Amino acid sequence: MAFDTLFAATAISGSGMTAERYRMETIANNLANANSTRSANGGPFRRQDVVFAEVLGGAIRPGGLPDLRGVQVVNTVEDQSPLNRMYQPGHPDADADGFVMMPNVQLPIEMVNLITASRAYEANAKAAQTFKTMNEQALGLLRG
């Protein structure tokens, strides 16, 4: 058995933890900019979302299954849902009618996404820990 395939489960879990950490950072950025009416692109901040893709090895396993290697972040995209329009006539970014275009960040959605990303990170960490425990037990049997 090749050395790189021996620890494939740990590498897959590690790639999942890396991807979910990036997702949590993106959610934190969304929350931090929930009231930003001016962005670098001009106009209000638009909510960001992370796109994942599977990482496949070059080989096909028996039974026609792909050689799975984990997950990676392939892109961060702007959510194109409508912006929120609020009546704030004293705001510097208000239009002639007193309305301000606000970011499309919704706190409940971001919190659900944050919990989901956190649980996925925990599941990957638990899988890596289980793999480590199994290896330690197998080594113990070989020694004993």
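Residues numbered from 1 in each chain as written. Predicted model: local features only at pLDDT ≥ 70, side-chain atom pairs only at ≥ 80, totals over all residues. Heavy atoms only, no water.

**Focus: the overall build of the protein**
- Helix and strand counts for the protein come out as three helices and four strands.
- Mapped in sequence order, the helices and strands of the protein form the string α-α-β-β-β-β-α.
- Going through the 144 residues of the protein one by one, you find that 24% of them count as buried.
- Here the contacts in the protein between residues at least 6 apart in sequence split such that 56% fall between residues at least 24 apart.
- Per element, the accessible surface of the protein, about 9600 Å² overall, is 59% carbon and sulfur. (Helix = DSSP H or I, 4+ residues; strand = E, 2+ residues; numbered from the N terminus. Buried < 20%, exposed > 50% of the residue type's maximum accessible area, 1.4 Å probe, protein only. Contact = heavy atoms within 4.5 Å. Areas by Shrake-Rupley, 256 points an atom, 1.4 Å probe, with all protein chains shown as cover.)

**Considerations on the pattern of salt bridges**
- Evaluated as defined, the whole model comprises eight salt bridges.
- In this structure, the salt-bridge partner of R21 is E25, at a minimum N-O distance of 2.6 Å. A residue pair is termed a helical-turn pair when its members lie 3 or 4 positions apart in one helix, as R21 and E25 do in helix α2 (residues 8–32) at four residues.
- Given the relative accessible area of 40%, R21 is considered partly exposed.
- A relative accessible area of 43% places E25 in the partly exposed class.
- A salt bridge links R47 to D79; its shortest N-O distance comes to 3.4 Å. Of this pair, R47 sits in the loop between α2 and β1 (48–61) while D79 sits in the loop between β2 (65–78) and β3 (84–87), and the two are 32 residues apart along the sequence. (Salt bridge = Lys/Arg side-chain N within 4 Å of Asp/Glu carboxyl O.)

**As for the environment of Y22**
- Position of Y22 among the secondary structure elements: in helix α2.
- Here the alpha-carbon distance between Y22 and V50, two residues 28 residues apart in the chain, equals 8.1 Å.
- Those residues in contact with Y22, other than ones at most four positions away along the chain, are V50, V73 and T76.

**Quick word on the pairing of strand β4 (residues 99–102)**
- Here β4 shows a buried face lined by V100 and M102 and an unburied face lined by F99 and M101.
- Bridge analysis of β3 against β4 gives four bridges, and the strand direction is antiparallel. Looking at the pairing, N84 lines up with M102 of β4. (Pairing = 2+ DSSP bridges.)

**A look at the packing of α2 against helix α3 (residues 107–143)**
- As a packed pair, α2 and α3 sit with axes 9 Å apart at the nearest point and diverge in direction by 160°. On the basis of their axis angle, the class for α2 and α3 is roughly antiparallel. Crossing hand, α2 versus α3: left-handed.
- The residue inventory of the contact of α2 with α3, partitioned by class, reads 16 nonpolar, eight polar and four charged. (Axes fitted to C-alpha atoms, helices over the stretch in contact; angles between N-to-C directions. Parallel < 35°, antiparallel > 145°, perpendicular 65-115°, else oblique. Left-handed = near helix turned anticlockwise from the far one by under 90°. Nonpolar A, V, L, I, M, F, W, Y, C, P; charged D, E, K, R; others polar.)

**Thoughts on α3**
- The terminal C-alpha atoms of α3 lie 54 Å apart, and with 37 residues this matches the ideal 54 Å at 1.5 Å per residue to within 8%.
- For α3, the set of buried residues is E110, N113, A117, N124, A128 and F131. (Expected span 1.5 Å × (residues − 1).)

**As for a nonpolar patch on the surface**
- A cluster of nonpolar side chains, contributed by I12, L56 and L68, occupies part of the molecular surface with about 240 Å² of accessible area.
- With respect to the helices and strands, the residue L68 is situated in strand β2.
- Judged by its relative accessible area of 45%, L68 is partly exposed. (Patch = residues over 30% accessible without salt bridge, like charges linked within 9 Å, V, L, I, M, F, W, Y side chains within 5 Å.)

**Focus on the packing of aromatic side chains**
- On inspection of all chains with the given rule, the structure shows one aromatic pair.
- When the centroid spacing of 5.3 Å and the interplanar angle of 65° are considered together, the rings of Y87 and F99 count as edge-to-face. Of this pair, Y87 sits in strand β3 while F99 sits in strand β4, and the two are twelve residues apart along the sequence.
- For F99, a relative accessible area of 27% translates into the label partly exposed.
- The positively charged end of R85 is found above the aromatic ring belonging to F99, 3.9 Å away from the centroid. (Phe/Tyr/Trp six-rings, centres within 6.5 Å; stacked < 30°, edge-to-face > 60°. Lys NZ or Arg CZ within 6 Å of the ring centre and 35° of its normal.)

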